[in-house]
Amino acid sequence: MNKMYNEDIKKRFLHDYYKNETTRKVVEYIFYYSYGNEAPLGKDLYDFSLDEVGATIANSRPKSLNVAATRGNFISQYISWAIENNLRTSNIHPMQSLSREWYKQFIDKDIKQFISKRELDYVDDNLVNIQDRIVLRLLFEGVYGTECSELRNLRWSDVEEEAGKVKLYDDVKGERFIYLGKDVIELIRKAYYSNEDYHNKNGTVEERSLTSQIVDSEYVVRNLKRGRVREGERVSQITILNRIKMIAELFNLPDITPKSLSRSGMIYMAYEILKNKPDGALKELEYEDFEKIAIKYNLTPNTINNHTYYNSAYMKQFINERNIKKLYEN
């Protein structure tokens with residue numbers, strides 16, 4: 001629902017407070033969420049009590065502590081602005097001195113952000129289009145990049161088939177190389193050479209629009225002959241997002257995204273590392289293990305005093321014992 005309660009006031013706040021368009025869009029979505037709480041109460045978010053703010057954050061279904069806290073910070077800024085502009089009934093700010101711990105209660109534990117290798121294989125086996133299968137599999141294997149650019153730039157000429165070595169190109173980070181298994185290399189080869197028509201929505205649509213032709217291209221992931229698509233051009237990020245969205249809807253995985261697929265692959269790599277540690281070794285991930293995962297999945301390193309390292313604390317937010325057990329110990 002794209003409705004705001006007291007839209008004129010919220011638009012004024014957005015204009016006064018945020019010069020960055022991307023940030024404004026993020027806060028707009030928070031206001032769309034809050035409408036469902038404001039309308040029944042008949043009052044604006046800036047007049048909410050702490051419990052009412054908490055209910056608003058919970059209704060937005062945050063997937064992580066960071067997301068919950070970020071949404072809370074934006075709401076807090078809005079309330080501060082309202083107090084400064086004499087809009088709030090009370091000049092007492094209900095969110096002052098909150099700790100991050102307070103936000104933990106609002107994380108949606110039912111959200112399925114990650115999938116196991118077994119679930120990935122099941123979805124893969126039930127996709128009829130190799131163009132969909134290759135997107136799903138490569139994201140899981142770490143072929144991602146800024147705005148999905150590693151995936152969108154991949155050509156068959158970048159693949160050393162026998163060695164399993166693949167050259168990737170990120171629009172921002174530049175060129176790198178990755179090694180992939182024989183089954184993934186074979187899937188890339190099939191995706192590039194396949195001349196089959198694309199079955200719309202995995203073959204579940206009406207007969208009149210059952211298939212679309214695939215555009216000739218040097219790229220592995222290709223466009224469909226629709227609209228203004230030109231022969232030879234690479235797919236857009238929106239195309240990748242739409243294909244993952246379609247897969248998510250068909251297989252009842254509403255919270256799966258390119259990022260969560262990539263992170264799912266990272267969790268699987270961590271599981272494989274732990275499983276293959278020799279008998280007698282400490283069965284927990286060490287910094288060197290996180291470093292291997294970060295390199296394969298092209299995470300950006302930090303540099304301090306000419307020393308480069310990867311932020312394992314950041315990775316531990318999702319590569320952790322709880323997620324590994326949830327996905328692989330059942």
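Worth saying up front: this structure is predicted, and the values here are computed from it rather than measured.

Asker: Got a sec to walk through the overall build of the chain? Specific residues and values, please.
Answerer: Within the chain, the secondary structure is distributed over 13 helices and seven strands. Referenced to the eigenvectors of the C-alpha coordinate spread, the extents of the chain come out at roughly 70 × 60 × 45 Å. A buried classification covers 46% of the 330 residues belonging to the chain. Approximately 18,500 Å² of the chain is accessible, and the part contributed by carbon and sulfur atoms is 45%. Within the chain, the 50 negative side-chain charges are centred at a point lying 2 Å from the centre of the 50 positive side-chain charges.

Asker: Tell me what's going on with the packing of aromatic side chains, and back it up with residues and numbers.
Answerer: Within the structure shown, the criterion is met by 23 aromatic pairs. An aromatic cluster of at least three residues, connected via ring pairs, comprises Phe13, Tyr17, Tyr18, Phe31, Tyr46, Phe74, Tyr78 and Trp81. The residue whose ring lies beneath lysine 10 is phenylalanine 31, and the NZ or CZ to ring-centre distance is 5.4 Å. Across from the ring centre of phenylalanine 177, 4.6 Å away, lies the NZ or CZ of lysine 165, which sits over that ring.

Asker: Account for the UniProt feature "domain: MrpR N-terminal core-binding" (unreviewed entry) in the chain, naming residues and giving values.
Answerer: UniProt's entry tags residues 4–84 with the feature "domain: MrpR N-terminal core-binding" (unreviewed entry), counted in the numbering of this structure. Spanning residues 4–84, this segment combines 77% helix with 0% strand, and its end C-alpha atoms are found 21 Å apart.

Asker: Give me the lowdown on empty space enclosed by the protein, citing residues and values where you can.
Answerer: Under the defined criterion, the tally for this structure stands at three cavities of 30 Å³ or more. When its volume is computed, the largest cavity comes out at roughly 80 Å³. Around the largest cavity, the lining residues are Val128, Asn129, Ile130, Gln131, Ala191, Ser194, Glu196, Asp197, Tyr198, Ile214 and Arg222. When the residues that make up the lining of the second largest cavity are grouped by side-chain class, the tally is seven nonpolar, no polar and no charged.

Asker: Go over the pattern of salt bridges with me, naming the residues and quoting the values.
Answerer: A complete count under the given rule lists 18 salt bridges for this structure. Measuring nitrogen to oxygen at the nearest pair gives 3.3 Å for the salt bridge that ties aspartate 124 to arginine 137. With aspartate 124 in helix H5 (residues 117–125) and arginine 137 in helix H6 (residues 130–140), the pair connects residues that are 13 residues apart, well separated along the chain. In this structure, aspartate 124 and arginine 137 share a single accessibility class: buried. Salt-bridge contacts for arginine 176 lead to glutamate 150; the nearest nitrogen and oxygen are separated by 2.7 Å. Residue arginine 176 is located in strand S3 (residues 174–179), and its partner glutamate 150 is located in helix H7 (residues 149–153); the two are separated by 26 residues in the primary sequence. Each member of the pair, arginine 176 together with glutamate 150, is buried. Sharing partners across several salt bridges, the network here consists of Lys117, Asp121, Asp124, Arg133 and Arg137.

Asker: Can you lay out the layout of surface pockets for me, pointing to particular residues and giving the numbers?
Answerer: Approximately 1,400 Å³ is the volume found for the largest pocket. Surrounding the largest pocket, 41 residues form its lining, Lys63, Ser64, Val67, Gln113 and Arg263 being those nearest its centre. For the lining of the largest pocket, the elements supplying multiple residues, two or more each, are helix H2 (21–41), helix H4 (65–84), helix H9 (237–250), helix H10 (258–275) and helix H13 (321–328). Per-class residue counts for the lining of the largest pocket are 15 nonpolar, 11 polar and 15 charged.

Asker: Outline the sheet that holds strand S1 (residues 159–160), listing residues and values.
Answerer: One open sheet accounts for three strands, arranged S1-S2-S3; its pairing is antiparallel. Each of the sheet's edge strands pairs with one partner strand only, and the pair in question is S1 and S3.

Asker: Any details on the pairing of S3? Residues and values, ideally.
Answerer: Taken together, the six bridges between strand S2 (residues 165–170) and S3 define a ladder with antiparallel strand orientation. Paired with valine 166 across the two strands is isoleucine 178, which belongs to S3. Counting the residues in the hairpin turn of S2 and S3 gives three residues.

Quick notes on the rules
Residues numbered from 1 in each chain as written. Predicted model: local features only at pLDDT ≥ 70, side-chain atom pairs only at ≥ 80, totals over all residues. Heavy atoms only, no water. Helix = DSSP H or I, 4+ residues; strand = E, 2+ residues; numbered from the N terminus. Buried < 20%, exposed > 50% of the residue type's maximum accessible area, 1.4 Å probe, protein only. Areas by Shrake-Rupley, 256 points an atom, 1.4 Å probe, with all protein chains shown as cover. Lys, Arg positive; Asp, Glu negative; His and termini not counted. Charge placed at Lys NZ, Arg CZ, Asp CG, Glu CD. Phe/Tyr/Trp six-rings, centres within 6.5 Å; stacked < 30°, edge-to-face > 60°. Lys NZ or Arg CZ within 6 Å of the ring centre and 35° of its normal. UniProt positions renumbered as here; feature names shortened; annotations may be inferred. 1 Å grid on protein atoms, 1.4 Å probe; cavity = no way out; pocket = protein on both sides within 12 Å on 5 of 7 lines; lining within 4 Å. Points joined across faces, edges and corners; volume = space filled by probe spheres on them. Nonpolar A, V, L, I, M, F, W, Y, C, P; charged D, E, K, R; others polar. Salt bridge = Lys/Arg side-chain N within 4 Å of Asp/Glu carboxyl O. Pairing = 2+ DSSP bridges.

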